[in-house]
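# Summary of structural features
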Amino acid sequence: AQSVAQPEDQVNVAEGNPLTVKCTYSVSGNPYLFWYVQYPNRGLQFLLKYITGDNLVKGSYGFEAEFNKSQTSFHLKKPSALVSDSALYFCAVRPRDNYGQNFVFGPGTRLSVLP
Amino acid sequence: NAGVTQTPKFQVLKTGQSMTLQCAQDMNHNSMYWYRQDPGMGLRLIYYSASEGTTDKGEVPNGYNVSRLNKREFSLRLESAAPSQTSVYFCASSEAQRGYNEQFFGPGTRLTVL
């Protein structure tokens, strides 16, 4: 069965420090990988995606993510956290060979950036 | 360009009542989706529509029906609401021409079933 794990329910980081939100997946083949962010009482917003090529993907608001095929991971990173980055972050995958539109989402990680 | 819109924003139902959640997108996307979000469980796909005129079940379709009214609109109906359907419901859309297209989400409907 396909699954996405985000091993940390909550990540706390001080403003100005680097942040990492972890994601690992169990999906056949080489899936497409996505990160979304959800601010309170809002829908999910797309941050970035990995399709192919360079393992380091850059996205919106200074976020980047590193794809590691051998570890089946796609960790979200930012060099210097802002208080405004505090939100709920979701990792999602979609099998590359499945045109059935079936995204699989992780359970989410709540990021708190402390001033 | 409003993106994906949903109505209503909030709704309280009694067990057994019915209601329809409305969703519309103005991005000319082919595919549309309905998800529910429950604490600690991420998003679970209820139904999706790959293109106008088609609908398919997702992970948790029981108790729901959908209608793809046209390319813009995709509605979700609860025929007989149950407390287990208390959740936040999100509609999303994507181009759907290739597998790596991201989804665009509406603001959500918070539903409580008493």
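Just above, that's the structure.
Residues numbered from 1 in each chain as written. Chains lettered and ligands numbered in written order. Predicted model: local features only at pLDDT ≥ 70, side-chain atom pairs only at ≥ 80, totals over all residues. Heavy atoms only, no water.

## Here we look at the overall build of chain A
Formally: Each helix is a run of DSSP H or I of at least 4 residues and each strand a run of E of at least 2, with the numbering of both proceeding from the N terminus. Restricting the calculation to C-alpha atoms gives the radius of gyration, and the globule rule supplies 2.2 Å times the number of residues raised to the power 0.38. Here the term buried applies to any residue with accessible area under 20% of the maximum for its type, exposed to any over 50%, and partly exposed to those in between, with areas from a 1.4 Å probe on protein chains only. The criterion used for residue contact is that any of the two residues' heavy atoms lie within 4.5 Å. Surface accessibility follows the Shrake-Rupley procedure with a 1.4 Å probe radius. Residue values consider only the protein chains on display as shielding.
Per the secondary structure count, chain A includes zero helices and 12 strands. Counting from the amino terminus, helix and strand elements in chain A follow one another as β-β-β-β-β-β-β-β-β-β-β-β. Against the globule reference of 13 Å for 115 residues, chain A gives a C-alpha radius of gyration of 14 Å, in line with a compact fold. Per-residue burial over chain A gives 47% buried out of 115 residues. Put simply, of all contacts in chain A between residues at least 6 apart along the chain, 56% involve residues at least 24 apart. Surface accessibility of chain A: about 5,300 Å² in total, with carbon and sulfur atoms responsible for 49%.

## Some points on the pairing of strand β9 (residues 73–78) of chain A
Residue and element names in this part refer to chain A. Our working definition: Two strands pair if DSSP finds at least two bridges between them.
Burial within β9 is extensive, with five of its six residues counted as buried. Note that strand β3 (residues 19–21) and β9 share three bridges and pair antiparallel. Its bridge partner being in β9, T20 is matched across the sheet by K77. Across five bridges, strand β8 (residues 64–68) lies against β9 in antiparallel orientation. Each bridged residue has a counterpart across the sheet, and for E66 the counterpart in β9 is H75. Here β8 folds back onto β9, and the loop between the two strands holds four residues, one of which, T72, carries a positive phi near 40°.

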